[in-house]
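Below are the chains, spelled out letter by letter.
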Amino acid sequence: MVTPVGAVSTFLSKAALEAITTPFTVDLDGGIAFDSSGNFYLAEANSDSILRFDAGLTGTAWVPAASIQAVTNAIADLQGGIAFAPAP
């Protein structure tokens, strides 16, 4: 995490991320996003799942690769990133 004044700190550790993605290692090429409730989302490239962490940093595989494949009928490849926009 980097604050507006440039102070750098660890938001989530690699161990915390890999606890959600086991047996995969973590690849952060997928992109990140925050929602208006302060939840943090990570499109994790190795597991091809979207991970969600609440404000207390409790994490879950919010959208697993199998769910993405079931909806799109294609193998998930989350290296492009994610974003959230307000609903109209």
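All values derive from a computational prediction rather than experimental measurement.

In most cases, non-glycine residues show a negative phi, while peptide bonds are predominantly trans. The phi torsion at Asp-48 lies on the positive side, around 55°, for a residue other than glycine. The topology assignment puts Asp-48 in the loop between strand 2 (40-44) and strand 3 (49-53).

Now for the pairing of strand 3. A regular strand places its side chains on the two faces of the sheet in alternate fashion. Among the 5 residues of strand 3, 4 are classified as buried, and the element is accordingly described as predominantly covered. Across 5 bridges, strand 2 lies against strand 3 in antiparallel orientation. Across the sheet, the residue bridging to Tyr-41 is Arg-52, located in strand 3. Counted along the chain from strand 2 to the antiparallel partner strand 3, the turn is 4 residues long, and its residue Asp-48 has a positive phi close to 55°. Relative to strand 4 (residues 59-63), strand 3 runs antiparallel, the two being bridged by 4 bridges. Considered in strand 4, the bridge of Arg-52 is made with Thr-60. What sits between the antiparallel neighbours strand 3 and strand 4 is a turn of 5 residues, in which Leu-57 has the positive phi angle 65°.

The predicted model of the chain has a mean per-residue pLDDT of 78, with 84% of residues at 70 or higher. Mean pLDDT across the elements of the chain ranges from a minimum in helix 1 (residues 14-21), with 79, to a maximum in helix 2 (residues 65-72), with 87.

The rules we used
Residues numbered from 1 in each chain as written. Predicted model: local features only at pLDDT ≥ 70, side-chain atom pairs only at ≥ 80, totals over all residues. Heavy atoms only, no water. Helix = DSSP H or I, 4+ residues; strand = E, 2+ residues; numbered from the N terminus. Buried < 20%, exposed > 50% of the residue type's maximum accessible area, 1.4 Å probe, protein only. Pairing = 2+ DSSP bridges. pLDDT = per-residue confidence, 0-100.

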